[in-house]
Structure formats: structure tokens, C-alpha cells
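Listed below, chain by chain, are the residues.
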Amino acid sequence: MPDKKDIIILAIESSCDDTGAAVIHNGKMRSNIVASQQIHEQYGGVVPELASRAHQQHILPVVDAALKEAQISKNDLTAIAFTQGPGLLGSLMVGASFAKSMALALDIPLIGVNHLDAHVLAHFIDADEVQFPFLCLLVSGGHTQIVKVDSPQHMEILGKTRDDAAGEAFDKTAKMLGLPYPGGPLLDKLAQSGDPHRFKFPDSRVDALDFSFSGLKTAVLYFIRDEKEKNPDFVEQNLNDICASIQHTIVSYLMRKLKKAVTETGINEIAISGGVSANSGLRTAVKLTSQKLGWRVHIPALEYCTDNAAMIAQSAHFQYVNEDFADQSTVPYARLNK
Ligand code: KG4
Ligand code: ZN
């Protein structure tokens with residue numbers, strides 16, 4: 001039986017194409033349910049309109065499952081949290097409206113969570129080994145950033161992508177190779193039995209700690225076109241090596257920027273997060289570099305890399321403690337507000 005003073009938060013994530021709900025009880029994760037949408041595969045990318053509809057269908061069963069698994073009744077909840085942005089506006093609105101209605105009906109506080117902060121704070125889910133300040137390489141389908149994290153409330157973006165995100169670089173090059181959406185995880189799998197040094201692709205030279213992936217995308221496009229002119233079966237015959245070489249280029253580029261950030265800040269407490277932190281090449285590279293350079297490194301469990309509601313719940317717990325609440329007039333935002 002929960003105590004009256006307990007903090008029990010139901011969190012909802014609906015920023016893109018995964019509908020998630022999680023329950024956190026006094027900082028401990030009690031459930032984490034996610035329903036992924038398969039419908040987008042046939043279109044080769046997320047179709048916003050279809051994503052919103054699928055969220056509408058999934059949200060109630062996902063929330064019910066999260067409460068059931070946590071063995072928490074709605075009346076025990078002390079707050080409702082939702083992903084406020086950034087993300088697809090129609091998708092965010094489904095989660096926001098649902099959360100607002102529940103908070104209103106139960107007469108409990110509402111908490112709006114920044115999705116990117118939540119990816120970073122995923123490292124605190126049932127764990128407290130990460131020490132402030134730390135540097136987080138946040139690599140997802142929509143964003144690529146190096147963030148200096150001084151506390152859950154104070155984060156500074158030291159560098160970010162000027163065009164595509166790292167996840168998009170994986171997905172778009174995978175699409176050029178004929179792989180189904182989202183291509184990132186599949187490209188990773190194929191790369192594992194390929195030669196990463198077989199083909200050379202350029203990475204982009206942008207200043208400081210910023211990133212750019214558009215040059216790589218163009219290079220892969222022309223490389224495939226030129227090789228196919230000579231041999232129409234080139235891609236099929238060399239798929240593993242092409243995937244491994246693309247992955248190697250992206251991972252080396254991310255690592256070079258991360259090392260630069262460590263040198264510039266003197267911080268060697270390092271974390272990676274976001275969907276691309278599930279990439280086997282990146283996970284290995286971060287581990288090896290940490291051994292070589294003496295970093296303390298934090299790599300999230302796979303279930304907390306890609307979009308999930310547990311990270312929203314974790315962020316919401318920090319916000320609850322700080323009494324950082326939203327009101328019923330709060331609206332979602334599609335783009336980053338910082
Ligand atoms: O964090 P996330 O689930 O959603 C966003 O907030 O964007 O990230 C999704 C991205 C997709 O681009 C997906 O292809 C990529 O993460 N991703 C991967 C891997 N797993 C997911 N990219 C490379 N290797 C993987 N194993
Ligand atoms: Zn995400």
C-alpha cells in the first residue's frame with residue numbers, strides 16, 4: 001500500500017512513433033511499457049498523420065498496462081507527466097491531452113517534460129553512479145548534441161548538428177542501400193560481419209563541437225550510383241562491408257568530437273544516450289576509448305536508448321521534487337525551446 005507522502009508519477013511518451021507509459025514510485029521505476037508502430041515501415045519513414053492516429057489507439061491500453069504492471073491504482077498517483085516536446089506536434093498532442101485530462105480528473109499536478117533532457121537523465125533510472133558535471137553525447141533520430149550536464153535542471157549544449165542528426169545519417173544511408181525503415185538498427189546488424197576499413201567515406205569538417213552529416217549522405221549516394229554503373233549487383237555483393245564502413249565513419253566522427261569536448265572542458269565523466277547509443281559500434285568505441293583515456297563512462301541499457309516513457313518518468317521525478325509543474329494551459333512544442 002503506498003504511503004500518503006509517496007511520490008508516484010505516471011509518465012506518457014508520444015513524441016514520435018512509440019507510445020510509452022511508465023510508473024515511477026519514489027524514484028524507483030515500477031513499469032515501462034512501449035508500443036511501437038509498424039505501419040510506417042511500408043512508407044520508408046514516419047508518417048505524422050498515421051503516427052497521431054496510432055498513438056490515439058495505443059495510449060489507453062499502454063497506460064492501463066503500465067499501471068497494472070506497477071500494481072498502482074489511478075487514485076494512488078501523485079502526478080501525471082507527459083513529453084511536451086520536441087517532436088511531431090500531432091503525436092505530442094495525443095499524449096499532452098491524455099495527461100491533462102487525467103491530471104484534471106484526479107486533481108493532481110501535471111508535469112511537462114523536455115524529451116531531450118529526458119534522454120540525458122535516463123542514466124539515473126534505478127542508478128545513481130553518474131556524477132555531475134558530466135558530458136553527454138546525445139544521439140537520436142532527431143538530434144545530435146554534446147551536452148554539459150551540471151544538474152538535472154542545468155544543461156548546456158556545447159555543440160549540435162547543423163543539418164541531419166546521427167540517427168538520420170544511419171536511416172538515410174540505410175535507405176539508399178535498400179534497407180527497410182528504420183534502417184539504423186539493421187545497418188548496425190549487417191555492419192557486425194563487415195570490414196569497416198574497406199570503403200572510405202568523408203566526414204564533414206565543421207568547426208568546434210558542431211556536427212554535420214549531409215556530406216556523408218551525398219558521398220554515399222554518389223558512391224552507390226557510380227559503383228552500380230560498373231556492377232548492378234555491387235550493393236548486394238558488398239552489403240556488409242558498405243554498412244561497416246558507413247558505421248565506422250559515423251562512429252569515428254562522433255568519437256572525435258566527444259574527445260575534443262573532453263579536452264576542452266576537462267570533464268571525463270562521460271555518458272551517451274538516445275537511439276543511436278544502442279549502436280554496437282558506438283558502444284564499443286566509447287568503452288575502448290574510456291579504457292585508453294581514463295574516462296568514467298555510462299552507457300544506457302538498450303531499453304533506455306530508444307524512446308521510452310521510463311526516461312520521461314525519471315525526469316518528471318526530478319521536476320516533482322523541484323515543484324516544477326505545468327498548468328492546464330500548457331501546450332506541446334514541436335521544436336527545441338532552448
Ligand atoms: O531516440 P530515438 O528512439 O528517437 C528520437 O528521439 O529520435 O532514436 C531513433 C533513432 C533512429 O534514427 C534509429 O535508426 C536510431 O535511433 N537507432 C540506431 C540503432 N538503434 C536505433 N542507429 C544505429 N544503430 C542502432 N543500433
Ligand atoms: Zn528520442
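What this report covers is the structure whose coordinates are included nearby. (Residues numbered from 1 in each chain as written. Chains lettered and ligands numbered in written order. Predicted model: local features only at pLDDT ≥ 70, side-chain atom pairs only at ≥ 80, totals over all residues. Heavy atoms only, no water.)

## Quick look at the coordination of the zinc ion (ligand 2)
Right, on to step 1. Distances from the zinc ion (ligand 2) to its protein donors, His-115 (NE2), His-119 (NE2) and Asp-307 (OD), fall within 2.0 to 2.1 Å.
Right, on to step 2. Each of the four donor atoms bound to the zinc ion (ligand 2) contributes to angles spanning 95 to 137°, and the resulting shape is irregular.
Right, on to step 3. All donors of the zinc ion (ligand 2) belong to a single chain; written as a sequence motif, their spacing is H-x3-H-x187-D. A residue pair is termed long-range when its members are at least 10 positions apart, and His-115 in helix α3 (residues 115-121) and Asp-307 in the loop between β10 (296-298) and α9 (309-321) qualify at 192 residues.
Right, on to step 4. With a relative accessible area of 6%, His-115 lands in the buried category.
Right, on to step 5. According to the relative accessible area criterion, Asp-307 is buried, its value standing at 18%. (Donors = N, O, S within 2.8 Å, 3.2 Å for Na, K, Ca; no water. Tetrahedral: all angles 85-135°; square planar, octahedral: opposite > 155°, others 65-115°. Helix = DSSP H or I, 4+ residues; strand = E, 2+ residues; numbered from the N terminus. Buried < 20%, exposed > 50% of the residue type's maximum accessible area, 1.4 Å probe, protein only.)

## Structural notes on unusual backbone geometry
Right, on to step 1. Following Gly-85, the chain continues to Pro-86 via a peptide bond in cis, the omega torsion being -5°.
Right, on to step 2. Here Pro-86 shows up in the loop between β4 (79-85) and α2 (89-106).
Right, on to step 3. The peptide bond linking Tyr-181 to Pro-182 adopts the cis configuration, its omega dihedral lying at -10°.
Right, on to step 4. Checked against the element boundaries, Pro-182 lands in the loop between α4 (166-176) and α5 (183-191).
Right, on to step 5. The backbone of Asn-26 sits at a positive phi, close to 50°, despite the residue not being glycine.
Right, on to step 6. Looking at the element boundaries, Asn-26 is found in the loop between β2 (18-25) and β3 (28-36).
Right, on to step 7. For Glu-323, which is not glycine, the phi torsion reads 55° and is therefore positive.
Right, on to step 8. With respect to the helices and strands, Glu-323 occurs in the segment after α9.

## Details of the site of ligand 1
Right, on to step 1. The full set close to ligand 1 counts 19 residues, and Gly-141, Asp-171, Asp-188, Asn-279 and Asp-307 are the nearest of them.
Right, on to step 2. Between Gly-141 and ligand 1, the recorded distance is 2.8 Å, taken from a backbone N or O atom to an oxygen atom.
Right, on to step 3. Backbone polar atom of Gly-167 to an oxygen atom of ligand 1: 3.3 Å apart, as the coordinates give it.
Right, on to step 4. Judged by the fraction of its atoms near the pocket grid, ligand 1 is located in the largest pocket. (Near = heavy atom within 4 Å. Polar contact = N/O pair within 3.5 Å; in protein donor to acceptor, adjacent residues only side chain to side chain. 1 Å grid on protein atoms, 1.4 Å probe; cavity = no way out; pocket = protein on both sides within 12 Å on 5 of 7 lines; lining within 4 Å. Sits in = over half its atoms within 2 Å of the grid points.)

## Topic: the side chain of His-55
Right, on to step 1. With respect to the helices and strands, the residue His-55 is situated in helix α1 (residues 48-70).
Right, on to step 2. There is a polar contact of 2.7 Å between the side chain of His-55 and the backbone oxygen of Cys-16.

## A short note on the sheet that holds β10
Right, on to step 1. What the five strands build is an open sheet, ordered β8-β7-β6-β9-β10; its pairing is mixed. Here the strands that pair on one side only, and so sit at the sheet edges, are β8 (154-160) and β10. On average, adjacent strands in this sheet sit at an angle of 25° to one another, irrespective of strand direction.
Right, on to step 2. Bridge count for strand β7 (residues 144-151) against β8 is six bridges, and the pairing is antiparallel. Among the inter-strand pairings, Ser-151 is bridged to a residue of β8, identified as His-154.
Right, on to step 3. Against the sheet, helix α8 (residues 280-293) makes contact with β6 (134-139), β9 (269-273) and β10, and its axis sits at roughly 175° relative to β9, the strand it touches most. (Pairing = 2+ DSSP bridges. Axes fitted to C-alpha atoms, helices over the stretch in contact; angles between N-to-C directions. Contact = heavy atoms within 4.5 Å.)

Function cannot be inferred from these measures alone, as they are strictly geometric.
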